[in-house]
Amino acid sequence: YQQPLIWFPAESCLTPSVLKRFRIYSLTHLKIEKLLRTLDYFNQSPSLVLRQRSSLHNLYGVTDVAGVVLVVSLQLVGSLNDLTDNRVLYIILNSNDNGLVHLVADNLTCTGLSQISLFHNHSFRCHLVCLGSQNSLNSCNILANLFDSAIEAAGIVSEHGQLSVSSSGFVVDKNQSVFQIQGISTHNLAWYPEYVNVDTFRKLRDEFNINTIRLAMYTAEDGGYCVSDDTARQQMLACLTSGIEAAIQLDMYVIVDWHILSDSNPNLYKETALSFFERIASTYGDKPNILYEICNEPNGDTSWDEIKSYSVDVIDRIRMYAPQSIVIVGTPTWSQDVDIASSSPIERTNLLYSLHFYAATHKEDLQSKMQTALTNGLPVFVSEFGITEASGNGIVDTTSADTWMKLLNENGIGYIYWNLSNKDEACALL
Ligand code: IDC
């Protein structure tokens with residue numbers, strides 16, 4: 001826990017509105033089993049027993065445990081709007097003057113944990129707040145670390161497993177529950193490799209509550225994979241690999257994005273794409289973490305038929321090694337013409353079709369293309385969006401972005417924000 005924990009008097013009334021006034025320490029998406037597992041730890045641990053006085057002091061040699069209170073607030077987050085509900089459940093552990101930790105209160109029943117399991121099939125977002133005096137920092141940290149390790153050990157991909165695309169066009173997890181991909185994209189790996197590391201991704205996962213990282217492998221721009229010398233190409237590959245490894249370590253999903261842009265037509269570097277994806281899929285084919293995005297934004301006069309013929313070859317190559325993986329396919333006109341794609345989908349399963357929007361530029365016209373595609377049953381995925389103009393610069397349009405977000409959430413459509421960099425442009429996150 002790098003960040004200061006939050007402190008407020010233990011006697012505060014713990015209503016959701018009180019909790020909202022504080023910066024809540026957000027751990028990650030947490031399914032209830034994981035919480036139960038963590039709490040089990042308390043129960044099983046010989047000297048730290050819920051509801052019975054026990055001694056943190058003996059267990060950890062901590063002498064200062066006065067006033068430790070741990071609050072767990074859970075936010076029930078359904079996959080679709082109609083499932084969304086907020087509730088705060090809390091469990092307060094306090095300590096007395098002797099350093100004994102005991103349960104002071106909860107708003108669960110005495111056998112409260114079974115009550116939580118009523119929501120068994122939903123995801124929870126778990127927050128940890130520590131109350132008490134500053135003196136209790138050590139013991140709060142210990143409790144926080146317990147949660148942290150439980151979560152690192154059983155994170156997002158362990159919970160949701162291999163994703164696939166259902167016949168009704170939703171991304172679903174291994175239990176066939178709708179899973180909404182929510183993530184952030186790197187900038188060009190060749191230009192901003194400094195943000196591709198475990199610490200950054202962990203912060204994004206825990207503080208932005210994202211479940212997916214997209215790694216943007218530019219192909220043709222200055223420094224792009226297909227126009228660079230071998231040394232630069234190896235560097236990009238090393239960066240990409242470290243990004244994949246970081247995501248696997250953090251139990252997150254990761255999209256390997258073949259970021260075509262100025263090269264307009266994916267067929268231009270198709271051979272390179274084939275060997276690139278063969279390399280990645282043959283290395284990581286057994287990992288449920290990886291999704292393959294095979295052409296970021298076809299544009300210019302590239303037709304849907306040309307994209308389709310490219311896609312079939314690349315998909316088949318990937319699936320030789322990663323038969324169950326989701327593949328994301330770009331659509332004509334900078335991944336906007338999902339309506340065209342929906343009239344003639346690719347004859348392969350487990351595909352998502354990209355729709356990219358920049359909220360200040362793209363509004364009703366593009367939304368209606370999306371609606372057409374959805375009506376035709378096309379699995380739509382927003383593998384990139386911005387809340388600025390399409391240039392990546394200009395104004396930020398939050399009103400339009402809100403409209404888009406509402407539409408995406410209502411339809412269970414996943415999305416990835418562009419971009420993770422500190423470039424001097426409006427769409428840069430930092
Ligand atoms: C932009 C970057 C910008 C870079 C430019 C060209 O934000 O720094 O100079 O690419 O490489 C897209 C593309 C995405 C664009 C983004 C914003 O997929 O690469 O990034 N955008 O213009 N499609 C629509 C917008």
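Above: the structure in question.
In this text the structure is predicted, and so the values were computed from the model without any measurement. (Residues numbered from 1 in each chain as written. Predicted model: local features only at pLDDT ≥ 70, side-chain atom pairs only at ≥ 80, totals over all residues. Heavy atoms only, no water.)

*Asks:* Sorry if this is basic, but what is going on with the overall build of the protein chain here?
*Replies:* Scanning the protein chain from terminus to terminus reveals 14 helices and 16 strands. Burial status across the protein chain gives 56% buried among its 430 residues. For the protein chain, long-range pairs separated by at least 24 residues make up 74% of all intrachain contacts whose partners lie at least 6 apart in sequence. In the form shown here, the protein chain has an accessible surface area of approximately 17,500 Å², with 50% of it arising from carbon and sulfur atoms. (Helix = DSSP H or I, 4+ residues; strand = E, 2+ residues; numbered from the N terminus. Buried < 20%, exposed > 50% of the residue type's maximum accessible area, 1.4 Å probe, protein only. Contact = heavy atoms within 4.5 Å. Areas by Shrake-Rupley, 256 points an atom, 1.4 Å probe, with all protein chains shown as cover.)

*Asks:* What should I look at first to understand helix α9 (residues 270-284) in this one?
*Replies:* Given 3.6 residues to a turn, an α-helix orients residues that are three or four positions apart in the same direction. Its 15 residues place the ends of α9 21 Å apart at the C-alpha level, agreeing with the 21 Å of an ideal helix rising 1.5 Å per residue. The set of residues buried in α9 consists of Lys270, Ala273, Leu274, Phe276, Phe277, Ile280, Ala281 and Tyr284. Looking straight down α9, one finds its buried side chains confined to an arc of 170 degrees; they lie on one side. α9 presents Glu271 and Thr283 as exposed residues on the side facing more than 90 degrees away from its buried surface. Residues of α9 that are buried in the fold lie against β10 (212-218), α8 (230-249), β11 (253-259), β12 (290-293) and α10 (304-321). (Expected span 1.5 Å × (residues − 1). Arc of directions from axis to C-beta.)

*Asks:* Mind showing me how you'd approach the nonpolar core here?
*Replies:* Core analysis: the biggest nonpolar cluster contains 85 residues, and Ile244, Trp258, Phe276 and Ile294 have the highest contact counts within it. Examining the composition of this core, we find that eight residues originate from one element, α8, more than from any other. With residues up to four places along the chain from it excluded, the contact list for Ile294 reads Trp258, Phe277, Tyr310, Ser311, Val314, Ile315, Ile318, Val327, Ile328 and Val329. Counting five residues, the second largest nonpolar core, distinct from the first, contains Ala216, Tyr218, Tyr358 and Cys427. (Core = buried A, V, L, I, M, F, W, Y, C linked by side-chain atoms within 4.5 Å.)

*Asks:* Hey, could you run me through the packing of aromatic side chains in this one?
*Replies:* The relation between two aromatic rings is expressed through the spacing of the ring centres and the mutual angle of the planes. If you walk through the whole model with that rule in mind, you get 14 aromatic pairs. Linked through ring pairs, Tyr225, Trp258, Phe276, Phe277 and Tyr292 together constitute an aromatic cluster. Over the face of the ring belonging to Tyr225 we find Arg233, whose NZ or CZ atom lies 5.5 Å from the ring centre. (Phe/Tyr/Trp six-rings, centres within 6.5 Å; stacked < 30°, edge-to-face > 60°. Lys NZ or Arg CZ within 6 Å of the ring centre and 35° of its normal.)

*Asks:* Looking at this model, I keep getting lost on the pairing of strand β15 (residues 380-386). Mind explaining?
*Replies:* Taken residue by residue, a regular strand's side chains alternate between the two faces of the sheet. In terms of residue burial, β15 counts as a mostly covered element, since seven of its seven residues are buried. Pairing geometry for strand β14 (residues 351-358) and β15, over five bridges, is parallel. Its bridge partner lying in β15, Tyr358 is registered against Gly386. One crossover worth recording links β14 to the parallel β15 by way of helix α13 (residues 364-375), and it is right-handed. Examined bridge by bridge, β15 and strand β16 (residues 415-420) share two bridges and lie parallel to one another. Residue pairing in the sheet places Val382 in a bridge with Tyr415 of β16. Handedness of the crossover joining β15 and β16 through helix α14 (residues 398-410) is recorded here as right-handed. (Pairing = 2+ DSSP bridges. Right-handed = clockwise from strand over helix to strand, strands pointing away.)

*Asks:* I keep staring at α14 and nothing clicks. Help me out?
*Replies:* Helix length check: α14 (13 residues) gives 18 Å between terminal C-alpha atoms against 18 Å at 1.5 Å per residue, within 8%. Among all positions in α14, only Ser400, Ala401, Trp404, Met405 and Leu408 are buried. Looking down the long axis of α14, one finds its buried residues gathered within 135 degrees of arc, a one-sided arrangement. More than 90 degrees from the buried face of α14, the exposed residues found are Thr399, Asp402 and Lys406. With a side-chain oxygen positioned 3.2 Å from the backbone nitrogen of Thr399, the residue opening α14 is Asp397. Following α14 by one or two positions, Gly412 adopts a phi angle in the positive range, close to 65 degrees. (Polar contact = N/O pair within 3.5 Å; in protein donor to acceptor, adjacent residues only side chain to side chain.)

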